[in-house]
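For reference, the chains in residue letters:
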Amino acid sequence: MPEGHTLHRLARLHQRRYGRAPVRVGSPQGRFADGAAVVDGRVLRTSEAWGKHLFHHYDGGRVVHVHLGLYGSFNEFPAADVDAIPEPVGQVRMRMIGAEYGTDLRGPTVCEVIDEAEVTEVVAKLGPDPLRKNADPAPAWQRITKSRRPIAALLMDQSVLAGVGNVYRSELLFRHRVNPFRPGTDITSDEFAGMWADLVELMKVGLRRGKIVVVRLEDDHGAPSYRTGRPRTYVYRRALEPCRICATPVKTVELEGRNLFWCPTCQA
């Protein structure tokens, strides 16, 4: 599932490509036909992300709300030459065409038209987003300190922190040597403050570079496990491989429906 930095990159890209100009919006698949008709030809005022939610704000107060879920993706194509615009391939839920670019949305969990009041309702259910300017971590800390759920589960709960996914969750806990099964009530304020500050910086790097970068330079030894198709991470998707710090085999278990990865020695 795309994590928060991916949605923020999309929001910025769509603002550059389509912002402040009329956009043709359609639904080749047909499942979003009614919604597309509502915003087709309108000016896209702003594009923004909150956690894993993307919002396209159009003139007239209508907003296209997208959540990519596990399989959703946008695929861009050139559109300056109208005659060269490609035919939709596969199940395209929404197609946007601007003056120079177009993009196809496939496989989202959510693609709907809502109003500004409903945007407020969606955002109200989310925890602070580390990539939003002046995000306040206090509400997240309030929820964590009152919960007996494992900290690994709380970090993935979008009502606690918006935009954090499985990679950031596993890697953040490793970087701070926090056992993923410790209940929220056992996390200290200093530990949370350190993790929040680190998460903000890590996600800013992800936003800027377009990929998750979590391994510190001093720990990046170009180990053999950096082979094609394997992640450059401390623990994520490295089950049974040696920990980059202590060589203990990385463990994995399913926690609340998602695979968790951790080092049983470094995160004892």
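Presented here is a report on the structure given in the accompanying data block. These figures come from a predicted structure and were not determined experimentally. (Residues numbered from 1 in each chain as written. Predicted model: local features only at pLDDT ≥ 70, side-chain atom pairs only at ≥ 80, totals over all residues. Heavy atoms only, no water.)

1. Structural notes on the overall build of the protein chain
Summing up its helical and strand segments, the protein chain has seven helices and ten strands in all. Computed over the C-alpha atoms, the radius of gyration of the protein chain is 20 Å, within 12% of the 18 Å expected from 2.2 N^0.38 for a compact globule of 268 residues. A principal-axis box enclosing the C-alpha atoms of the protein chain has dimensions of 60 × 40 × 30 Å. When each of the 268 residues of the protein chain is scored for burial, the buried share is 49%. Counting contacts in the protein chain only where the partners sit at least 6 residues apart, residues at least 24 apart contribute 59% of the total. A total accessible area of about 12900 Å² is found for the protein chain, and carbon and sulfur atoms account for 50% of it. (Helix = DSSP H or I, 4+ residues; strand = E, 2+ residues; numbered from the N terminus. Rg over C-alpha atoms; globule rule 2.2 N^0.38 Å. Buried < 20%, exposed > 50% of the residue type's maximum accessible area, 1.4 Å probe, protein only. Contact = heavy atoms within 4.5 Å. Areas by Shrake-Rupley, 256 points an atom, 1.4 Å probe, with all protein chains shown as cover.)

2. What to know about the nonpolar core
Among the nonpolar cores identified, the biggest contains 39 residues, and Ile151 and Leu161 are the most heavily contacted of them. Contributions of two or more residues to this core are made by α4 (138-145), α5 (151-156), α6 (166-175), α7 (189-209) and β10 (258-262). Sort the elements by how many residues they give to this core and α7 lands first, with eight residues. Leaving out residues up to four positions away in the same chain, Ile151 has contacts with Ile144, Leu173, Val178, Asn179, Pro180, Arg182, Gly184 and Ile187. Within the second largest apolar cluster, 22 residues are counted, among which are Val25, Phe32, Leu54 and Phe74. (Core = buried A, V, L, I, M, F, W, Y, C linked by side-chain atoms within 4.5 Å.)

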